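Letter by letter, the chains look like this.
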Amino acid sequence: MKTAIEPFRIKTIEPIQFTTRLERERYLQEAGLNLFSLRAEDVIIDLLTDSGTSAMSAQAWAAMMQGDESYAGARSWYRFEAAVQDIFGFPYVIPTHQGRAAERLFANVLIKPGMVVPNNTHFDTTRANIEAVGGKAMDLPCPEASDLALEAPFKGDMDIAALERLISEVGAMQIPAIMLTVTNNSGGGQPVSMANIRAASKLAHLHGIPFYIDACRFAENAYFIKQREAGYEEMSVREIVREMFAYADGCLVSAKKDAFANIGGFLCTRDDRVAEQLRSLLILSEGFPTYGGLAGRDLDAIAVGLYECLDENYLNYRIHSTQHLVDKLHELDIPVIRPAGGHAAYIDARRFLPHIEPLQYPGQALAVELYLEAGVRGVEVGTVMFGRDVHTGIERPAKWDLLRLAIPRRVYTQSHIDYVIEAIAQVWQHRDRVRGLKIVSEPPYLRHFSAYFSFI
Ligand code: F0G
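Along every chain, residues carry numbers that run from 1 in the direction the sequence is written. For a predicted model such as this one, the threshold for reporting local features is a pLDDT of at least 70, and the threshold for listing and counting side-chain atom pairs is 80 or more; totals across whole chains, interfaces and linings nevertheless cover every residue. No hydrogens and no water enter the side-chain calculation; it runs on all heavy atoms of the structure.

**Description of the overall build of the protein chain**
Within the protein chain, the regular secondary structure consists of 16 helices and 14 strands. Computed over the C-alpha atoms, the radius of gyration of the protein chain is 21 Å, within 12% of the 23 Å expected from 2.2 N^0.38 for a compact globule of 456 residues. Taking the principal axes of the C-alpha coordinates as reference, the protein chain spans close to 60 × 55 × 45 Å. Across the 456 residues in the protein chain, those meeting the buried criterion constitute 59%. As displayed, the protein chain has an accessible area near 18800 Å², and 53% of this comes from carbon and sulfur atoms. By the counting rule applied here, Lys and Arg register as positive and Asp and Glu as negative, while His and the ends of each chain are not counted. Lysine's charge is taken at NZ, arginine's at CZ, aspartate's at CG and glutamate's at CD. Mean positive and mean negative side-chain charge positions of the protein chain (46 and 57 charges, respectively) differ by 2 Å. For the purposes of this entry, the term helix denotes a DSSP run of H or I that reaches at least four residues, the term strand denotes a run of E that reaches at least two, and both are numbered from the N terminus. We take the radius of gyration over the C-alpha atoms and set the globule estimate at 2.2 Å times the residue count to the 0.38 power. The buried label goes to any residue with under 20% of its type's maximum accessible area, the exposed label to any with over 50%, and the partly exposed label to all in between, with areas taken from a 1.4 Å probe on protein chains only. Method for areas: the Shrake-Rupley scheme with a 1.4 Å probe, in which residue coverage is limited to the protein chains shown.

Okay, structure coming up:
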């Protein structure tokens, strides 16, 4: 059979509240044209993020009932630690309430002011946490990544030659860690090849630099390796994951993505000294090292989810459903990042709305229009998110202006996605009428979460 079906039946449902265009106009005005400020119940299809929004299985819910809420040494902790060690292979596991808490601990322990941290592409909170301790977050995506329409298998790769040049320019002592984000979220959800992971690791270790993987979407990345990289066709996703992390000194994980959890994260390392420092900081702000800001039941849900996301029938369905959205948009000539990434479709808003200058935020303008059209919420990844330099205060166009439509795991069916495709196709028909935006007010950091906009 060629049709990839949802590998589950639906047991519990959450009703969707429908809205009219007139109502949506009012909600948007009240939200300052910022989709983060909408009430979720006023959204029909919510593709703001795939983070914390996935549907847990009956098994994960059942495991939550087994949660041991003891302050120290809970059974839930030992089940969680065993699952993480088993899957990722690191000896030290630090639980955190979500990915960015792991990033903050990591930045505080490893980075001194003026140091440089390279990555294929930093996620926005990773960048912000590095910058908050005076570090410099450097993106070194591979050259193929800059051609949004180019069909290449591993556009999430890091530019290893550029990494080599960076090390010789700034010196290994100034680089506290080399990072690699799998899949490369800010770079279009594109996968990183095993060859690239191996090469980054080799170069890091040649210079005595620790190598850490930002691994929220590790299972989706592993599935792409199985599908696309020679030599991995016959390996199980489980084995591929083991190999990916065998090259690393540690990883930072938001369990809110591939692991289906509504909350949670962790940090792993092989370095006992680093683990000790991380734990001390953890106690200061997150919690005792056997719960790290999570309830015991959350730890149990993550332990189950980490195994479930390695199921290859699930991954096949997951990757197919993202591909369905991207392929249909492509067939309609709508400019979209190709090939499809794992967790989201990314529309090239600059090409969709060529009459809107980057400093009039075409990604945000498209996000606003799609919400007005059909109540679909996506997120801008572009000049609103990355355009303001926090050190100099100068605003410049970001490299790209994209609209990301992230797909929560196991939540929407194909007809929901077909509704989204129809909505985008309608906006495409009247794209000339979409207006640019200006920012009315913005905070000093991470402005995309709370800036207010108005139409130009
Ligand atoms: N790293 C990557 C690659 C991410 O995509 C995210 C979150 C984080 C770290 C931070 O994890 O949210 O648990 O604190 N990405 C979400 C998104 C928010 O919508 O892409 P967190």
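**Re unusual backbone geometry**
A cis amide bond links valine 182 to the next residue, threonine 183, at an omega of -20 degrees. Following the sequence through the fold, threonine 183 ends up in the loop between β5 (178-181) and α7 (194-206). Of note, the amide linkage connecting arginine 338 to proline 339 takes the cis form, showing an omega dihedral of -15 degrees. Here proline 339 lies in the loop between α12 (312-331) and β9 (344-348). Positive phi values are uncommon outside glycine, yet aspartate 333 reaches one of about 70 degrees. Following the sequence through the fold, aspartate 333 ends up in the loop between α12 and β9. Among the residues examined, aspartate 333 registers a relative accessible area of 61% and is labelled exposed.

**Points about the site of the ligand**
With respect to spatial proximity, 17 residues lie near the ligand, and among them Thr49, Arg100, Ser254, Lys257 and Arg404 are the closest. Here an oxygen atom of the ligand and a side-chain polar atom of glutamine 98 are 2.8 Å apart. By the criterion applied in these results, polar contacts are pairs of N or O atoms within 3.5 Å in which, for protein atoms, one can donate a hydrogen and the other can accept it, and in which residues neighboring in sequence qualify only through two side-chain atoms. At 2.7 Å, a side-chain N or O of asparagine 185 approaches an oxygen atom of the ligand. When isolated, the ligand has an accessible area of 470 Å², and the protein chains bury 93% of it. The leading source of residues in the shell around the ligand is helix α4 (residues 99-110), at three residues. Of the residues that constitute the shell around the ligand, the class distribution is two nonpolar, eight polar and seven charged. Here, proximity means that at least one heavy atom of the residue falls within 4 Å of the molecule or strand. When residues are grouped by polarity, Ala, Val, Leu, Ile, Met, Phe, Trp, Tyr, Cys and Pro land in nonpolar, Asp, Glu, Lys and Arg in charged, and all others, Gly among them, in polar.

**Structural notes on the nonpolar core**
Within this scheme, the nonpolar core is defined by two criteria: the residues are buried Ala, Val, Leu, Ile, Met, Phe, Trp, Tyr or Cys, and they are joined through side-chain atoms within 4.5 Å. In terms of nonpolar packing, the biggest core is built from 62 residues, with Phe88, Phe218, Phe245 and Phe266 touching the most fellow members. The leading source of residues in this core is helix α8 (residues 218-228), at six residues. Both domain 1 (21-50 + 311-455) and domain 2 (58-308) contribute no fewer than three residues apiece to this core. What makes two residues a contact is simply this: any of their non-hydrogen atoms within 4.5 Å. Those residues in contact with phenylalanine 88 that sit more than four places away from it in its chain are Phe218, Arg242, Phe245, Cys251, Phe266 and Leu306. Within the second largest apolar cluster, 48 residues are counted, among which are Ala340, Ile347, Tyr371 and Val434. The domain limits used here are those given by an automatic or database domain assignment.

**A closer look at the domain arrangement of the protein chain**
Split by domain assignment, the protein chain resolves into domain 1 (21-50 + 311-455) and domain 2 (58-308). Domain 1 and domain 2 are separated by 26 Å when their C-alpha centres are compared. Buried surface area refers to the total accessible area, computed with a probe of radius 1.4 Å, that the two partners give up upon joining, counted for both partners together. Between domain 1 and domain 2 lies a buried interface of about 3000 Å² when both sides are counted; carbon and sulfur atoms form 56% of it. For domain 1, the biggest contributors to the area lost against domain 2 are Glu312, Pro339 and Trp400; these three give 19% of the whole. Criterion for a salt bridge: a side-chain nitrogen of Lys or Arg within 4 Å of a carboxyl oxygen of Asp or Glu. Our enumeration of links across domain 1 and domain 2 arrives at seven salt bridges. Two residues, arginine 217 and aspartate 50, come together in a salt bridge whose shortest N-O distance is 2.8 Å. Inspection of the domain 1/domain 2 interface yields 20 residue pairs in polar contact (both at pLDDT 80 or more). Residue assignment for the side of domain 1 that touches domain 2 shows that the elements contributing at least two residues are α12, β9, α15 (383-386) and β12 (402-406). Ranked by residues supplied to the side of domain 1 that touches domain 2, first place goes to α12 with seven residues. Its residues assigned to classes, the side of domain 1 that touches domain 2 comprises 16 nonpolar, seven polar and 10 charged.

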